[in-house]
Structures are given as structure tokens and as C-alpha cells.
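Descriptive analysis of the structure
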Amino acid sequence: MLEKFPALLHSDFRKLFYNYVLTSAAGWASLLGRGWLIFELTGSSSNVGWVTFGGMAPMLFLGPVAGTLADRLDRRYMAMASALFGALVSFVLAVLTLSGAVTMWHIVVLAVLQGVAMSAVTPASEAIIPSLVPKEHLLSAVSFRGIARHGSKVIGPFLGGVMMAILDDGTGWVFMLTSVFFLLAGYQLFRIQWRPSVRALPIDGKVFDIVSPMVDAAKYIASDFRLVLVLSLIGVHCGFTMAFDSLLPGLSDEIGSGSSTFAAISVGVGVGALLATLAVSTITDGKTRGRALLVSGLGSGIALLIIGTAQNTAVAVFGGFLSGATQAPYMALSATLIQQVVKDEYRGRLMAFYIMLAAGFMAFMNLGFGIVADTTGERILFVGPSALWIVIFLIYAILSPALQFLLRTGEFPDQAVVNQKVNG
């Protein structure tokens, strides 16, 4: 069985995978609880957008710091400390909510602090992957990272939705559950046997010099058109097809059943992501990988069109399922392409750029969508951006020789060939 999922043959990676599942489940459960709590307190999608922005913005602004530190410090210890900080923040929010003392400013501030924890834990834990598996198992490992990130929506929102439905002050218990998830995630990192080489640790007093390492990394990205292509598409994809968290509470309330519909759509996204990314993790043929990238790219837009036009819970949940089944493979394949071509000394900073683009675009678009939705309603903000993503993706596919080659073969052409075609 494990032969189909070769990354799981490695004991240390299995522990890292458990960490990913628990950390991601904590993040999704927090997103669910904060979103519904704010909507209950204020009835405003714009306020949901502000809280969602607060949780995601640190990944944009602190990404350079976290990425640089991940290339200089012990990545395992860095991720462990961040997970413990996340547990503390979630516990404080749980106590405030259960005591009835919580206000909007509490939620915003604690969302920002939890975003700080996630911005630190993510590049550090992502950069560990190539140290735990051989190169030929990298796609499998990165795919399982995607399974954990997106498939954990089955765990976090499902358990959170049940708590919100059957318990008094259910959102408070969701945050308590989040704290437990973070604690267990830190324990899984503690169990990992791998240790960085001495050369990977700092040897001078420049550990906290952030600007020059990130400038070097930016120059490195600019010199490789393959990285520019993947990262630019990731930014647009995340902004136009994955930034609907601030819209879901209002849309769910319009469709009916409120928090139950909200949780059901979120779980649908998680189930779709889990099944699709499991399938992607077994791909070994390049042409199949290229077709998967094409289908998942276009499907991400189509799924949002379905959610935005849904008139009942069943259709909305199906749209959520299709959304997860396309978004997760697209992100897993994109992350694998980055991991395959980046040099190890830049890996932490490159993953920080990856997270900055993904979280940054989602943060600002969630904020903008939430503010606009109070005037226009939520549906148009599902339909318009998703249709625009489909158009942009097709334009890239028509005009970019590198993307055409990638969609045909599942591999990048030689960088020199790409530069020759772009410049000539």
C-alpha cells in the first residue's frame, strides 16, 4: 500500500505529515470559528473580511523574516516554538469567548497573533521536506503537504461545526480544540529524528539581517523564468479562486441553515482536496502531471462559479467539493515545481515568497471582497473573479511557451531555452 505513497515510507516524514495535518486543522478550525463568531456579533461580511485579513496578513509582512530565519536557524525548533505560540493564542481566545467577554478587537488582535505563529511555522516546516525524503519522492511528499493543508478541512471544520451546532458557546470550544491541535503538532515535530548539519546553522552575527538575504532571493527568482511563471500564477490563483472565506458566512446565511451550511461547504472543500491530492500524489508520469495542472487550473474557476450561483445547500456543497478537488492539486503541483528547481540554500526564502504571494493575495482579496459584499452581495464576488481567473490562465497558456511545454510534458523546459524564446 505504501509503495503507492512513497513519501510515507520515511518515518520522519510521517511525523512531519502528522504535524501538517494538526497545524492545518487548527488553522481551518480557527478560520471557521472566527468567521462565524464575528458574523454573529456584527452581521457584517466586511468585519469578517477584516478578521480574515488580520489572520492572513502576517504571512505577507513577516514572510521575509520567517523565510530568512528558516535558512539560518534549526527549522525544526523554529516550527516547534511557533506551534506552541499558536496554542497559547488559541487558548486565550477560547477563554475570552467562553467567559462571554470577547469583543471584535479581541478577535482581530488574536487573529493577527495567530497569523504570526502560522507565518513562522509554515516556511520552516515546508523547508524541512527535502531533508526527509529523497528527490524521487519529492512530489509525493509535497502532495501530502497539500493533503494535510486542504484535507484537514475535513477534520477542523467538521469537528468545529459539530461543536458550534450542539454545544452552548460552541465557538469557544472550537478555539479550545484549536489549542489542542497546535500542542499535538508541536509534539510531532519533537519526535522527528532528523537534525540539520552544522553548516546549516548560523556561523556569524548576521542571523537577523533580513533585507539583504531577501534581496538576494528576489534576484534569484528574477533570474529564473520558471520561478517567475509559477509564482505569478500562484498569486493570481489564490487571489481570484481561494479568497472566499469572508464571503461564505453571508452566502451560507442567504442559502439557509446558517452555520450548518457554512461548515458543510468548508467540509466539502476539505473532502474534495483530500481525495484529489491523494490521487495527485500517486502520479509518476509527466504528461499526466501536465494534464492535472491544466484541469485543476481551469476547474478552480469553474468550482467558484457553481458556489456563486448555488440556490441550495446541496449545490453549494458540491461546488465546495469541486473547489477543493481542483485548488489543492493545483497548489500541490505548483509547490512541487518550485521545490524541484530551487537551490537548497534559497529554499526557506523561496517558500516564504510562495507563502507571501498565496497568503498575501488571499488576505487582501478577502478584505476587499468582504467590504464590497456589504453593498453588492456575495454572489457576484464568487462569479466575477473566478471567470477572470479562467481567462487569465488561458491567456498564459496561449502566450507562454514555458507553460505550454509544462502542460504538455509535466516538466519545465531547459532554462536557457526558455530565456531564448522569451528574449527572442
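Scroll up to find the structure.
Let me sum up the structure you'll find in this document. Along each chain, numbering runs from 1 in the same order as the chain's sequence is written. In keeping with the model being predicted, local features are shown solely for residues with a pLDDT of at least 70 and side-chain atom pairs are shown and tallied solely at 80 or more, while totals for entire chains, interfaces and linings include all residues. Excluding hydrogens and water, the side-chain figures rest on all heavy atoms present in the structure.

1. Structural notes on the overall build of the protein chain
Note the cut-off: Here a strand is any run of E in DSSP of at least two residues, a helix any run of H or I of at least four, and the numbering for each starts at the N terminus. We take the radius of gyration over the C-alpha atoms and set the globule estimate at 2.2 Å times the residue count to the 0.38 power. Buried, partly exposed and exposed residues are distinguished by accessible area as a fraction of the type maximum, computed with a 1.4 Å probe on protein chains only: under 20%, between the cut-offs, and over 50%, respectively. By the convention used here, residues are in contact when the closest approach between their heavy atoms is within 4.5 Å. Residue-level accessible areas treat just the shown protein chains as cover; the underlying method is Shrake-Rupley with a 1.4 Å probe. Two residue types count as positive, namely Lys and Arg, and two as negative, namely Asp and Glu; His and chain ends fall outside the count. A charge is said to be at NZ when it belongs to Lys, at CZ for Arg, at CG for Asp and at CD for Glu.
Along the protein chain, the regular secondary structure elements total 18 helices and 0 strands. Here the C-alpha radius of gyration of the protein chain, 20 Å, is about what a compact globule of 424 residues would show, namely 22 Å. For the protein chain, with 424 residues in total, the buried portion stands at 61%. In the protein chain, once contacts between residues fewer than 6 apart in sequence are set aside, the share between residues at least 24 apart is 85%. Carbon and sulfur atoms form 68% of the exposed surface of the protein chain, whose accessible area is close to 16,300 Å². Charge separation in the protein chain, taken as the distance between the mean sites of 26 positive and 23 negative side-chain charges, equals 9 Å.

2. Digging into the environment of Gln327
Selection rule: Here a polar contact is recorded for every N or O atom pair within 3.5 Å, except that within protein the pair must consist of a potential hydrogen donor and a potential acceptor, and residues adjacent in sequence are included only if both atoms are side-chain atoms.
Structurally, the position occupied by Gln327 is in helix 14 (residues 313-341). Judged by relative accessible area, which is 5%, Gln327 ranks as buried. Separated by 50 residues in the primary sequence, Gln327 and Thr277 place their C-alpha atoms 9.4 Å from one another. Once residues within four sequence positions are removed from consideration, Gln327 is found in contact with His237, Thr241, Met242, Phe244, Ser300 and Leu304. Within the structure, the side chain of Gln327 is placed 2.6 Å from the backbone oxygen of Thr241, a separation counted as a polar contact.

3. Quick word on the pattern of salt bridges
Between side chains of opposite charge, a pair can form when the charged atoms approach closely. To be explicit about the condition: Each reported salt bridge corresponds to a side-chain nitrogen of Lys or Arg within 4 Å of a carboxyl oxygen of Asp or Glu.
In the structure shown here, the tally under the stated rule is 3 salt bridges. Across the salt bridge formed by Glu254 and Arg379, the nearest N and O atoms sit 2.9 Å from each other. Placement of Glu254 in helix 11 (residues 248-255) and of Arg379 in helix 16 (residues 379-399) is noted, with a sequence separation of 125 residues between them. By relative accessible area, Glu254 is classed as partly exposed at 47%.

4. Comments concerning the nonpolar core
Across soluble globular proteins, you tend to see nonpolar side chains buried next to one another. Applied cut-off: Definition used in this section: a nonpolar core is a set of buried Ala, Val, Leu, Ile, Met, Phe, Trp, Tyr and Cys residues joined via side-chain atoms within 4.5 Å.
One finds Phe13, Leu16, Ile234 and Tyr354 to be the most contacted residues of the largest nonpolar core, which totals 127 residues. Beyond its immediate stretch of four places on either side in the chain, Phe13 contacts Ala7, Leu8, Ile129, Leu132, Val133, Ala141 and Phe144.

5. Considerations on the packing of aromatic side chains
Between two aromatic rings, the relevant description is the distance of the centres plus the angle of the planes. For the record, the criterion: When two rings of Phe, Tyr or Trp (its six-membered ring) have centres within 6.5 Å they constitute a pair, described as stacked for plane angles under 30 degrees, edge-to-face for angles over 60, and tilted for the intermediate range.
Within the structure shown, the criterion is met by 9 aromatic pairs. A centroid spacing of 5.0 Å and a plane angle of 65 degrees characterise the contact between Phe53 and Phe364, whose relative ring orientation is edge-to-face. Of this pair, Phe53 sits in helix 2 (residues 45-61) while Phe364 sits in helix 15 (residues 347-376); the two residues are 311 residues apart in sequence, bridging distant segments of the chain. Assessed through its relative accessible area of 41%, Phe364 is described here as partly exposed. Judged by centre distance (5.4 Å) and plane angle (40 degrees), the rings of Trp389 and Phe393 are tilted.

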